[in-house]
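Reading the structure
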Amino acid sequence: AQSVAQPEDQVNVAEGNPLTVKCTYSVSGNPYLFWYVQYPNRGLQFLLKYITGDNLVKGSYGFEAEFNKSQTSFHLKKPSALVSDSALYFCAVRDGNQFYFGTGTSLTVIP
Amino acid sequence: NAGVTQTPKFQVLKTGQSMTLQCAQDMNHNSMYWYRQDPGMGLRLIYYSASEGTTDKGEVPNGYNVSRLNKREFSLRLESAAPSQTSVYFCASNRGGTGELFFGEGSRLTVL
């Protein structure tokens, strides 16, 4: 079965510093990978996805993600963190009609 | 655009009571989903409907039933609520193919 893992429950970063939120996946076949963000008491919002093609995917709000097939990773990155980026981030993988989510990483950007 | 709309946003039930969570999407999407979100466990799929007229179990279907009423609407029913069903429930939809999920704002359910 497909699955994703987010090894860090919590990530803290100083405002203006680069941020990385990690995700590894386990799939059979070509992976369809996604990142979502959730602000308090809100639904999940789509950030970006990898289907095929370039390993560096650009998404909303200045976020990007790097697909690495050899390391089975899909880490979310941003060059310069904002306080407003503080939220809960979820990685997901698609398997047919189903989407499987990681347990989430809480990102705190410290002013 | 409304996107995915869930009702109610909040509900408190007593053990054994029943209720239905409603979900509607206005994006003409084929697939619809119900997830529950619990601290430290991420999102877990309860049921999904790949197309109008079909429903399938996800990871945690026990204690729930669903109805795909038409292409727009997908409801989740708790026949006899239990405290273990206290959670935040999210409905989502997807156009199919390589499309992403679109989520509603969630329904927070407390079972006493």
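Positions within a chain are numbered from 1, following the residues in the order the chain's sequence is written. Chains carry letters and ligands carry numbers; both start at the beginning, A for chains and 1 for ligands, and go up in the order they are written. Per-residue local features are limited, in this predicted model, to residues with pLDDT of at least 70; the limit for side-chain atom pairs, both in listing and counting, is 80 or more; totals at the level of whole chains, interfaces and linings are taken over all residues. By convention in this description, side-chain values take in all heavy atoms of the structure and omit both hydrogens and water.

**What about the packing of aromatic side chains?**
A pair of Phe, Tyr and Trp rings is counted when the ring centres sit within 6.5 Å of each other, with Trp represented by its six-membered ring. The angle between the planes then sorts it: under 30 degrees is stacked, over 60 is edge-to-face, the rest tilted. In this structure the tally under the stated criterion is 18 aromatic pairs over all chains. Between A:Tyr36 and A:Phe46 the ring centres are 5.9 Å apart and the planes differ by 65°, which places this aromatic pair in the edge-to-face class. You can see A:Tyr36 sitting in strand 5 (residues 32-38) and its partner A:Phe46 sitting in strand 6 (residues 44-50), a full ten residues away along the chain. The buried label goes to any residue with under 20% of its type's maximum accessible area, the exposed label to any with over 50%, and the partly exposed label to all in between, with areas taken from a 1.4 Å probe on protein chains only. Classification of A:Phe46 by relative accessible area gives partly exposed; the value is 25%. A ring pair is formed by B:Tyr33 and B:Tyr35, whose centres lie 6.3 Å apart and whose planes are at 20°; its orientation type is stacked. This pair shows no difference in class: B:Tyr33 is buried, exactly as B:Tyr35 is. One aromatic cluster is present, formed by A:Phe34, A:Tyr36, A:Phe46, A:Phe90, A:Phe99, A:Phe101, B:Tyr33, B:Tyr35, B:Tyr48, B:Phe90 and B:Phe103 through successive ring pairs. We count a charge as sitting over a ring when the NZ of a lysine or the CZ of an arginine lies within 6 Å of the ring centre and within 35 degrees of the ring normal. Between the NZ or CZ atom of A:Lys78 and the centre of the ring of A:Phe63, over which it lies, the distance is 5.0 Å. Helix numbers and strand numbers start at the N terminus; a helix is a DSSP run of H or I with at least 4 residues, a strand a run of E with at least 2.

**A word on the interface of chain B and chain A**
The contact criterion used is simple: two residues touch if any of their non-hydrogen atoms lie within 4.5 Å. In this assembly, 25 residues from chain B lie in contact with 21 residues from chain A. A 1.4 Å probe defines the accessible area here, and the buried area is the portion of it lost by two parts on being joined, summed over both. Of all residues in chain B, B:Thr98, B:Glu100 and B:Glu105 bury the most surface against chain A, accounting for 27% of the area lost on that side. For this document, the term salt bridge refers to a Lys or Arg side-chain nitrogen within 4 Å of an Asp or Glu carboxyl oxygen. In this assembly, chain B and chain A are joined by two salt bridges. Residue A:Lys49 pairs with B:Glu100 through a salt bridge whose shortest N-O separation is 3.1 Å. Polar contacts, as counted here, are pairs of nitrogen or oxygen atoms within 3.5 Å of one another; within protein the pair requires one atom able to donate a hydrogen and one able to accept it, and residues that are adjacent in sequence qualify only if both atoms are side-chain atoms. Counting across the chain B and chain A interface gives twelve residue pairs in polar contact (both at pLDDT 80 or more). Looking at the side of chain B that touches chain A, the elements that each hand over two or more residues are strand 4 (31-38), strand 5 (42-49) and strand 9 (87-94) of chain B. Note that Gly is not counted as nonpolar here; it falls among the polar residues with everything else outside the nonpolar set of Ala, Val, Leu, Ile, Met, Phe, Trp, Tyr, Cys and Pro and the charged set of Asp, Glu, Lys and Arg. Of the residues assigned to the side of chain B that touches chain A, the class counts are ten nonpolar, ten polar and five charged.

**As for the state of the cysteines**
Disulfides are defined as pairs of cysteine sulfur atoms found within 2.5 Å of each other. In this structure the tally under the stated criterion is two disulfides over all chains. The residue that forms a disulfide with A:Cys23 is A:Cys91, at a sulfur-sulfur distance of 2.0 Å. Around the S-S axis, the bridge from A:Cys23 to A:Cys91 shows a dihedral of about -65° and counts as left-handed. Taken together, the positions of A:Cys23 in the loop between strand 3 (19-21) and strand 4 (24-26) and A:Cys91 in strand 10 (residues 87-95) put the pair 68 residues apart, joining distant regions of the chain. Here A:Cys23 falls in the buried class, since its relative accessible area comes to 0%. Judged by relative accessible area, A:Cys91 falls into the buried class, the value being 0%. One disulfide in the model links B:Cys23 with B:Cys91; its S-S distance is 1.9 Å. Around the S-S axis, the bridge from B:Cys23 to B:Cys91 shows a dihedral of about -75° and counts as left-handed.

Taken by themselves, the reported measurements are silent on function.
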